[in-house]
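# Coordinate inspection notes
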Amino acid sequence: AEVTDVTEVPGRGLRGRGAAGVVLLGSAAWLGENGVAPPTEGATEAAAAGHRQVWVAVAGVAVLALELADTPRAEAPAVVRALAADGLARAVLLT
């Protein structure tokens, strides 16, 4: 289904309109700010694994949870060591 009138709320998520009503995409906190109670199932496990959950809600009901993970590349430690050897004081992973 098509979602229109999509707006981004920086640091929070997205809001749009679909055939069934308002569509939200974002964190559990973002859904809560919009009156939607996302299920808590799996949240602890996702956090323990270093993953982030992103929720989709349609017409006030959480309908989908996406679990996102960013796995560093295998060569990352060697690259960071090489940068440190070249004098880089601090490396930061931005995603």
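About the thresholds
Residues numbered from 1 in each chain as written. Predicted model: local features only at pLDDT ≥ 70, side-chain atom pairs only at ≥ 80, totals over all residues. Heavy atoms only, no water. Helix = DSSP H or I, 4+ residues; strand = E, 2+ residues; numbered from the N terminus. Buried < 20%, exposed > 50% of the residue type's maximum accessible area, 1.4 Å probe, protein only. Contact = heavy atoms within 4.5 Å. Areas by Shrake-Rupley, 256 points an atom, 1.4 Å probe, with all protein chains shown as cover. Lys, Arg positive; Asp, Glu negative; His and termini not counted. Charge placed at Lys NZ, Arg CZ, Asp CG, Glu CD. 1 Å grid on protein atoms, 1.4 Å probe; cavity = no way out; pocket = protein on both sides within 12 Å on 5 of 7 lines; lining within 4 Å. Points joined across faces, edges and corners; volume = space filled by probe spheres on them. Nonpolar A, V, L, I, M, F, W, Y, C, P; charged D, E, K, R; others polar.

Let us now look at the overall build of the protein. Looking only at helices and strands, one finds three helices and five strands in the protein. When the elements of the protein are put in sequence order from the N terminus, they spell out β-β-β-α-α-β-β-α. Each principal axis of the C-alpha atoms in the protein carries an extent, and together these give about 55 × 30 × 25 Å. Of all 95 residues assigned to the protein, the portion counted as buried reaches 19%. Contacts in the protein between residues far apart in sequence, at least 24 positions, make up 28% of those at least 6 positions apart. Total accessible area computed for the protein in this model is approximately 6800 Å², and 58% of it derives from carbon and sulfur atoms. The averaged location of the 10 negative side-chain charges in the protein is 6 Å from the averaged location of its 7 positive side-chain charges.

Volume-wise, the largest pocket comes out at about 150 Å³. As for the largest pocket, its lining consists of Glu8, Val9, Pro10, Gly11, Arg12, Gly13, Leu14, Leu25, Gly26, Ser27, Arg52 and Val54. Of all the elements in the fold, those that place two or more residues in the lining of the largest pocket are β1 (4-9), β2 (13-18), β3 (21-26) and β4 (52-58). When the residues that make up the lining of the largest pocket are grouped by side-chain class, the tally is five nonpolar, four polar and three charged.

Moving on, we come to unusual backbone geometry. One non-glycine residue, aspartate 5, lies in positive phi territory at about 50°. Along the chain, the position of aspartate 5 falls in strand β1. Even without being glycine, alanine 59 reaches a positive phi, approximately 50°. Residue placement: alanine 59 occurs in the loop between β4 and β5 (61-68). The class for alanine 59 is partly exposed, based on a relative accessible area of 43%.

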